[in-house]
Amino acid sequence: MGGETSSKPRKVNNGIVAAVCLAFFTGMVGMAYAAVPLYKMFCQVTGYGGTTQRAEKQYAGRVLDRDITIRFDANTNGIPWRFEPVARSVTIKIGATAQAHYSATNKFDRTITGRASFNVQPEMAGAYFNKVECFCFTDTTLKPGETLDMPVVFYVDPDIVNVPELKDLKTITLSYTMFPVEKKQPVASSAPAAGSSNKVPDSDASLGG
(Lines give C-alpha, C1' and ligand atoms only; values in the text may rest on other atoms or scores of the structure.)
Protein backbone atom coordinates (compact mmCIF):
# COMPACT_ATOMS: atom_id res chain seq x y z
CA MET A 1 0.00 0.00 0.00
CA GLY A 2 2.77 2.40 1.00
CA GLY A 3 4.69 1.75 -2.27
CA GLU A 4 1.63 2.42 -4.45
CA THR A 5 0.92 5.70 -2.63
CA SER A 6 4.50 7.02 -3.08
CA SER A 7 4.55 6.19 -6.82
CA LYS A 8 1.68 8.56 -7.62
CA PRO A 9 3.55 11.80 -6.76
CA ARG A 10 6.52 10.51 -8.73
CA LYS A 11 4.34 9.94 -11.80
CA VAL A 12 2.83 13.40 -11.38
CA ASN A 13 6.30 14.95 -11.08
CA ASN A 14 7.49 13.12 -14.19
CA GLY A 15 4.48 14.42 -16.08
CA ILE A 16 5.26 18.00 -15.04
CA VAL A 17 8.89 17.64 -16.09
CA ALA A 18 7.83 16.21 -19.45
CA ALA A 19 5.36 19.07 -20.00
CA VAL A 20 8.00 21.68 -19.12
CA CYS A 21 10.51 20.06 -21.47
CA LEU A 22 7.95 19.98 -24.29
CA ALA A 23 7.06 23.63 -23.73
CA PHE A 24 10.75 24.56 -23.71
CA PHE A 25 11.41 22.63 -26.92
CA THR A 26 8.39 24.23 -28.64
CA GLY A 27 9.55 27.66 -27.54
CA MET A 28 13.06 27.07 -28.88
CA VAL A 29 11.69 25.94 -32.26
CA GLY A 30 9.51 29.05 -32.41
CA MET A 31 12.48 31.28 -31.56
CA ALA A 32 14.54 29.63 -34.29
CA TYR A 33 11.91 30.41 -36.92
CA ALA A 34 11.54 33.97 -35.62
CA ALA A 35 15.30 34.60 -35.39
CA VAL A 36 15.83 35.59 -39.04
CA PRO A 37 12.98 38.15 -39.35
CA LEU A 38 13.74 39.52 -35.86
CA TYR A 39 17.41 39.92 -36.72
CA LYS A 40 16.51 41.60 -40.02
CA MET A 41 14.15 43.96 -38.16
CA PHE A 42 16.87 44.72 -35.60
CA CYS A 43 19.36 45.51 -38.37
CA GLN A 44 16.90 47.76 -40.19
CA VAL A 45 16.12 49.73 -37.04
CA THR A 46 19.69 50.09 -35.79
CA GLY A 47 21.71 49.96 -39.01
CA TYR A 48 23.74 47.10 -37.50
CA GLY A 49 25.99 45.29 -39.97
CA GLY A 50 25.70 48.08 -42.50
CA THR A 51 21.97 47.54 -43.00
CA THR A 52 20.34 50.63 -44.47
CA GLN A 53 17.13 52.20 -43.26
CA ARG A 54 13.85 51.94 -45.15
CA ALA A 55 12.60 55.51 -45.42
CA GLU A 56 9.03 56.32 -44.41
CA LYS A 57 9.17 59.47 -46.55
CA GLN A 58 10.87 60.34 -49.83
CA TYR A 59 12.74 63.39 -48.56
CA ALA A 60 14.92 64.18 -45.58
CA GLY A 61 13.16 67.48 -44.91
CA ARG A 62 16.37 69.49 -45.09
CA VAL A 63 19.43 69.50 -47.30
CA LEU A 64 22.86 70.46 -46.00
CA ASP A 65 25.36 72.49 -47.98
CA ARG A 66 27.81 69.62 -47.80
CA ASP A 67 28.72 67.00 -50.38
CA ILE A 68 29.05 63.28 -49.86
CA THR A 69 30.03 60.69 -52.47
CA ILE A 70 28.09 57.43 -52.78
CA ARG A 71 29.99 54.59 -54.41
CA PHE A 72 28.15 51.63 -55.91
CA ASP A 73 29.42 48.06 -55.87
CA ALA A 74 27.96 44.85 -57.32
CA ASN A 75 28.86 41.18 -56.93
CA THR A 76 27.40 37.82 -57.90
CA ASN A 77 27.47 34.60 -55.93
CA GLY A 78 26.67 31.43 -57.88
CA ILE A 79 24.46 33.10 -60.48
CA PRO A 80 25.50 33.44 -64.18
CA TRP A 81 24.44 37.06 -64.53
CA ARG A 82 26.26 40.22 -65.45
CA PHE A 83 25.30 42.46 -62.56
CA GLU A 84 26.77 45.94 -62.22
CA PRO A 85 26.00 49.56 -61.37
CA VAL A 86 25.32 51.82 -64.34
CA ALA A 87 27.49 54.51 -62.70
CA ARG A 88 30.23 53.75 -60.21
CA SER A 89 29.58 56.76 -57.98
CA VAL A 90 27.55 59.91 -57.51
CA THR A 91 28.20 63.01 -55.41
CA ILE A 92 25.15 64.55 -53.75
CA LYS A 93 24.25 66.96 -50.98
CA ILE A 94 23.58 65.35 -47.61
CA GLY A 95 19.79 65.16 -47.27
CA ALA A 96 19.10 65.33 -51.02
CA THR A 97 17.14 62.46 -52.60
CA ALA A 98 19.00 60.74 -55.45
CA GLN A 99 18.47 57.81 -57.81
CA ALA A 100 20.98 55.26 -59.03
CA HIS A 101 20.61 52.32 -61.40
CA TYR A 102 21.95 48.78 -61.47
CA SER A 103 21.80 46.51 -64.51
CA ALA A 104 21.39 42.73 -64.56
CA THR A 105 21.72 40.49 -67.65
CA ASN A 106 21.12 36.75 -67.68
CA LYS A 107 24.09 35.21 -69.52
CA PHE A 108 22.85 31.63 -69.19
CA ASP A 109 20.74 29.59 -71.64
CA ARG A 110 17.77 29.17 -69.32
CA THR A 111 15.52 31.33 -67.19
CA ILE A 112 16.99 32.10 -63.77
CA THR A 113 15.64 33.84 -60.69
CA GLY A 114 17.91 35.94 -58.50
CA ARG A 115 17.70 37.94 -55.30
CA ALA A 116 20.00 40.68 -54.05
CA SER A 117 21.23 41.35 -50.54
CA PHE A 118 23.04 44.54 -49.61
CA ASN A 119 25.13 46.40 -47.08
CA VAL A 120 26.72 49.78 -46.52
CA GLN A 121 30.29 50.68 -45.63
CA PRO A 122 31.24 52.00 -43.18
CA GLU A 123 28.74 49.91 -41.23
CA MET A 124 27.86 52.72 -38.83
CA ALA A 125 26.63 54.81 -41.77
CA GLY A 126 23.91 52.22 -42.48
CA ALA A 127 21.67 53.82 -39.85
CA TYR A 128 21.73 57.09 -41.83
CA PHE A 129 21.47 55.71 -45.38
CA ASN A 130 17.76 55.73 -46.20
CA LYS A 131 16.33 53.76 -49.15
CA VAL A 132 13.09 55.11 -50.61
CA GLU A 133 12.92 52.46 -53.37
CA CYS A 134 15.04 49.35 -53.81
CA PHE A 135 15.12 45.97 -55.55
CA CYS A 136 16.78 44.19 -52.63
CA PHE A 137 15.23 41.03 -51.16
CA THR A 138 12.84 40.82 -54.13
CA ASP A 139 12.92 37.81 -56.47
CA THR A 140 13.85 38.85 -60.01
CA THR A 141 13.41 36.43 -62.93
CA LEU A 142 15.30 36.88 -66.20
CA LYS A 143 14.99 34.88 -69.41
CA PRO A 144 18.12 33.97 -71.38
CA GLY A 145 19.74 37.17 -72.64
CA GLU A 146 17.23 39.40 -70.86
CA THR A 147 18.43 42.65 -69.27
CA LEU A 148 16.75 44.39 -66.36
CA ASP A 149 17.16 47.99 -65.16
CA MET A 150 17.08 48.05 -61.34
CA PRO A 151 16.73 51.51 -59.74
CA VAL A 152 17.44 52.46 -56.14
CA VAL A 153 16.29 55.78 -54.67
CA PHE A 154 17.94 57.01 -51.48
CA TYR A 155 19.13 59.90 -49.33
CA VAL A 156 21.61 60.35 -46.49
CA ASP A 157 20.04 61.54 -43.25
CA PRO A 158 21.45 64.98 -42.28
CA ASP A 159 21.73 63.77 -38.68
CA ILE A 160 24.82 61.84 -39.77
CA VAL A 161 26.90 64.99 -39.19
CA ASN A 162 25.95 64.89 -35.50
CA VAL A 163 27.72 61.56 -34.99
CA PRO A 164 31.34 62.15 -33.88
CA GLU A 165 32.63 59.07 -35.75
CA LEU A 166 30.84 60.08 -38.99
CA LYS A 167 30.88 63.89 -38.95
CA ASP A 168 33.87 64.03 -41.35
CA LEU A 169 32.74 61.12 -43.55
CA LYS A 170 33.25 61.85 -47.25
CA THR A 171 32.27 58.55 -48.91
CA ILE A 172 29.67 55.81 -48.38
CA THR A 173 29.71 52.55 -50.35
CA LEU A 174 26.45 50.77 -51.20
CA SER A 175 27.14 47.17 -52.14
CA TYR A 176 24.77 44.54 -53.57
CA THR A 177 25.36 40.81 -53.99
CA MET A 178 23.08 38.81 -56.31
CA PHE A 179 22.30 35.19 -55.39
CA PRO A 180 20.39 32.51 -57.34
CA VAL A 181 16.92 31.49 -56.14
CA GLU A 182 16.07 27.91 -57.04
CA LYS A 183 12.56 27.45 -58.42
CA LYS A 184 10.85 24.54 -60.16
CA GLN A 185 11.20 24.92 -63.91
CA PRO A 186 8.30 24.06 -66.28
CA VAL A 187 8.67 20.99 -68.50
CA ALA A 188 8.64 23.11 -71.67
CA SER A 189 10.90 26.13 -71.33
CA SER A 190 10.17 29.33 -73.22
CA ALA A 191 12.27 30.38 -76.18
CA PRO A 192 15.26 32.67 -75.44
CA ALA A 193 14.55 36.36 -75.60
CA ALA A 194 18.01 37.67 -76.40
CA GLY A 195 18.40 41.40 -76.17
CA SER A 196 15.05 41.98 -74.53
CA SER A 197 14.82 44.38 -71.63
CA ASN A 198 12.39 45.70 -69.09
CA LYS A 199 12.40 47.75 -65.91
CA VAL A 200 11.70 47.14 -62.25
CA PRO A 201 8.56 49.05 -61.18
CA ASP A 202 9.45 52.22 -59.27
CA SER A 203 7.27 51.55 -56.22
CA ASP A 204 8.40 50.65 -52.72
CA ALA A 205 5.41 48.39 -52.20
CA SER A 206 6.24 46.23 -55.19
CA LEU A 207 9.98 46.20 -54.50
CA GLY A 208 9.79 45.23 -50.87
CA GLY A 209 12.95 46.84 -49.71
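Above this text is the structure in question.
First, a word on scope: everything that follows refers to the structure included in this document. Remember, it's a predicted structure, so these values are computed and weren't measured experimentally. Residue numbers restart at each chain and count upward from 1, following the sequence in its written direction. Local features in a predicted model are, by the rule used here, given only for residues with pLDDT of at least 70; side-chain atom pairs are given and counted only at 80 or more, and totals for whole chains, interfaces and linings are based on all residues. Side-chain measures were taken over the full set of non-hydrogen atoms in the model, leaving aside hydrogen atoms and water.

## Observations concerning the overall build of the protein chain
A count of helical and extended segments in the protein chain gives two helices and eleven strands. Counting from the amino terminus, helix and strand elements in the protein chain follow one another as α-β-β-β-β-β-β-β-β-β-β-β-α. For the protein chain, the residues scored as buried account for 34% of the 209 residues in total. Throughout, a residue-residue contact means that at least one pair of heavy atoms, one from each residue, lies within 4.5 Å. Excluding contacts between residues fewer than 6 apart, the proportion of contacts in the protein chain whose partners are at least 24 apart in sequence is 79%. Each helix is a run of H or I in the DSSP string that is no shorter than four residues. Each strand is a run of E no shorter than two, and both are numbered from the N terminus. The buried label goes to any residue with under 20% of its type's maximum accessible area, the exposed label to any with over 50%, and the partly exposed label to all in between, with areas taken from a 1.4 Å probe on protein chains only.

## Section: the packing of aromatic side chains
Aromatic rings from Phe, Tyr and Trp, with only the six-membered ring used for Trp, were paired whenever their centres fell within 6.5 Å, and each pair was classed as stacked if the ring planes differed by under 30 degrees, edge-to-face if by over 60, and tilted otherwise. One pass over the full model with this rule turns up ten aromatic pairs. Taken together, the ring pairs connect Phe72, Phe83, Tyr102, Phe118, Phe129, Phe135, Phe137, Phe154 and Tyr176 into an aromatic cluster.

## What to know about unusual backbone geometry
The residue after Gln121, namely Pro122, is reached through a cis peptide bond having omega -5 degrees. For Pro122, the position within the fold is in the loop between strand 6 (112-121) and strand 7 (129-133). Positive phi, close to 60 degrees, is recorded for Phe137, a residue that is not glycine. Along the polypeptide, Phe137 turns up in the loop between strand 7 and strand 8 (140-142). For Phe137, a relative accessible area of 37% puts it in the partly exposed group.

## Quick word on the sheet that holds strand 10 (residues 171-181)
Pairing within the open sheet is mixed, and its five strands lie in the order 4-2-10-6-8. Both edges of this open sheet fall to strand 4 (89-93) and strand 8, since each of them pairs with a single strand only. Each neighbouring strand pair of the sheet contributes to a mean axis angle of 30 degrees, computed without reference to strand direction. By this definition, two strands are paired if DSSP reports at least two bridges between them. Pairing of strand 6 with strand 10 involves nine bridges; the strand directions are antiparallel. Bridge pairing in strand 10 places Asn119 opposite Ser175. A fitted line through C-alpha atoms represents every axis, and for helices the fit uses only the stretch in contact; the resulting angles, taken between N-to-C directions, go from 0 to 180 degrees.

## Describing the pairing of strand 7
For a regular strand, side chains alternate in direction, first toward one face of the sheet and then toward the other. Counting buried positions along strand 7 yields five of five residues, so the element is predominantly enclosed. As paired elements, strand 7 and strand 9 (residues 147-156) share four bridges and run antiparallel to each other. Opposite Asn130, over in strand 9, you have Tyr155 as the bridge partner.

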